[in-house]
Amino acid sequence: MADWRSETNLSHEHAGIQKHDEGFKIAILTCLGVAAVVGLLGNGLVVAVILRAKKMRSVMNRFILHLAISDLIVSTVAIPLFLVVNFKEGIGMKSYSLPICKVARFFQYLSPEASMTLLITIGWNRHQAVVHPLNIMSYGTANKLILGAWVYALLVVSPSLYLTVLKDAPLDPNTNETFTYCATIPATTLPGLIYVMFLGLFGYLFPLATLIVLYGKIYRTVWRRKSGQLGDSRPVEAFIRSRKKVLKMFLTVILVFLVTWLPLLIYISAIEDRKSVV
């Protein structure tokens, strides 16, 4: 039994990869399976309600609809492909392995980037409603913003289709046995390093700065607005609560952005870089 466990836990010392045992596989499959089912049911319900209920077809809900669709990509495409690429035995030896690897990584990057750009469109919608309340956003403008968000996300992550490759790593230092795995962005190469920097700038810093500016203007507008402008029937306490609510919304959006996007960027630029085989 000890020999079997040592064989199933051989470390990839040069590539930083590990041949995982059955317990690890079951844990990962269970966690990702639950995440996929919950995401599918939750976001699927949001999509169904917005599409079927006429009273839900507002401009704001149109943004939420596409945000739910971007999350559905994770449940229906990204997670299943991730499991196939990482846990299907012998996947590296198949003729279709490289295309699956590229598509899997592409959708892993597309979903969070699309979510971030769609959050910006929601921020712009809130900005217009608060800062310029008389300029009501039309469905046509909303559709253009949504289309622009998806196109921007596709442009940012599309280089991953070229840079993602299959790599061979030594499975056992004492033998010539190798293990083929689906690598991500090879930051050790010049094209890979350029893309990681590009991704950090246009996929993270620029959207983050845009969100800060938009919600900063929203908060400033609400904070400077005098309570008398809101009508005599509204008490001062309610006005103060509205300021706190805007501040909480601003901080929540920024925190969600940081939590959902930064780990992927760190993984690409730092952790995955250590897995590269030179």
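Residues numbered from 1 in each chain as written. Predicted model: local features only at pLDDT ≥ 70, side-chain atom pairs only at ≥ 80, totals over all residues. Heavy atoms only, no water.

A few words now on the overall build of the protein chain. The helix and strand tally for the protein chain stands at eight helices and four strands. Counting from the amino terminus, helix and strand elements in the protein chain follow one another as α-β-β-α-α-α-α-α-β-β-α-α. Counting the 278 residues in the protein chain, one finds 38% classified as buried. The long-range fraction of contacts in the protein chain, counting pairs at least 24 apart against all pairs at least 6 apart in sequence, stands at 71%. With the model as given, the accessible surface of the protein chain reaches about 15,900 Å², and the carbon-plus-sulfur share is 68%. (Helix = DSSP H or I, 4+ residues; strand = E, 2+ residues; numbered from the N terminus. Buried < 20%, exposed > 50% of the residue type's maximum accessible area, 1.4 Å probe, protein only. Contact = heavy atoms within 4.5 Å. Areas by Shrake-Rupley, 256 points an atom, 1.4 Å probe, with all protein chains shown as cover.)

As a further point, take the packing of aromatic side chains. Inspection of every chain in the model, using the stated rule, returns four aromatic pairs. When the ring of Tyr152 is compared with that of Phe206, the centres are 6.5 Å apart and the planes differ by 40°; the resulting orientation is tilted. Here Phe206 lies in helix α7 (residues 190-224) and Tyr152 lies in helix α5 (residues 139-157), a separation of 54 residues in the sequence. (Phe/Tyr/Trp six-rings, centres within 6.5 Å; stacked < 30°, edge-to-face > 60°.)

Now for the environment of Lys25. You can see Lys25 is positioned in helix α2 (residues 22-52). By relative accessible area, Lys25 is classed as buried at 14%. For the pair formed by Lys25 and Phe87, sequence separation is 62 residues and the distance between their alpha carbons is 7.5 Å.

Counting residues in hydrophobic clusters, the biggest one holds 36 residues, and the most contacted among them are Phe63, Leu118, Trp150, Val157, Ile185 and Tyr195. At the level of secondary structure, the elements contributing two or more residues to this core comprise α3 (59-87), α4 (97-131), α5 and α7. If we ignore the near neighbours within four places in the chain, the residues touching Tyr195 are Val156, Val157, Pro159, Ser160, Leu163 and Ile185. Judged by nonpolar contacts, the second largest core, of five residues, contains Val47, Ile50, Ala68 and Leu72. (Core = buried A, V, L, I, M, F, W, Y, C linked by side-chain atoms within 4.5 Å.)

Its location among the elements puts Leu67 in helix α3. The spacing of Leu67 and Ala114 is 47 residues in sequence and 7.8 Å in space, taken between C-alpha atoms. The contacts of Leu67, once residues within four sequence positions are left out, are Ser115, Leu118, Leu119 and Ile122.

By the secondary structure assignment, His127 is in helix α4. When near neighbours in sequence (up to four residues on either side) are disregarded, His127 contacts His132, Leu214, Lys217 and Ile218.

Once that is clear, we can look at the packing of α3 against α5. Running from amino to carboxyl end, α3 crosses α5 at an angle of 25°, the nearest separation of the two axes being 9 Å. Here α3 lies roughly parallel to α5, going by the angle between them. With respect to the hand of their crossing, α3 and α5 are arranged in right-handed fashion. Contacts between α3 and α5 involve Val59, Arg62, Phe63, His66, Ile69, Ser70 and Ile73 on the former and, on the latter, Tyr139, Ala142, Asn143, Leu145, Ile146 and Trp150. When the residues that make up the contact of α3 with α5 are grouped by side-chain class, the tally is nine nonpolar, three polar and one charged. (Axes fitted to C-alpha atoms, helices over the stretch in contact; angles between N-to-C directions. Parallel < 35°, antiparallel > 145°, perpendicular 65-115°, else oblique. Left-handed = near helix turned anticlockwise from the far one by under 90°. Nonpolar A, V, L, I, M, F, W, Y, C, P; charged D, E, K, R; others polar.)

Confidence in the prediction for the protein chain averages 75 pLDDT; 69% of positions are at 70 or higher. Helix α1 (residues 2-8) is the least confidently modelled element of the protein chain, averaging 36 in pLDDT, while α5 averages 94, the highest of any element. (pLDDT = per-residue confidence, 0-100.)

Another point: the packing of α2 against α3. Following both chains from N to C, one finds α2 and α3 inclined at 155°, their axes separated by 9 Å at the closest point. Between α2 and α3, the angle is such that the two are roughly antiparallel. When you trace α2 past α3, the crossing you get is left-handed.

Taking 1.5 Å of rise per residue, the 35 residues of α4 would be expected to cover 51 Å, and the 51 Å separating its terminal C-alpha atoms lies within 8% of that figure. Counting buried residues in α4 gives 26 out of 35 residues, a clear majority hidden from the surface. (Expected span 1.5 Å × (residues − 1).)

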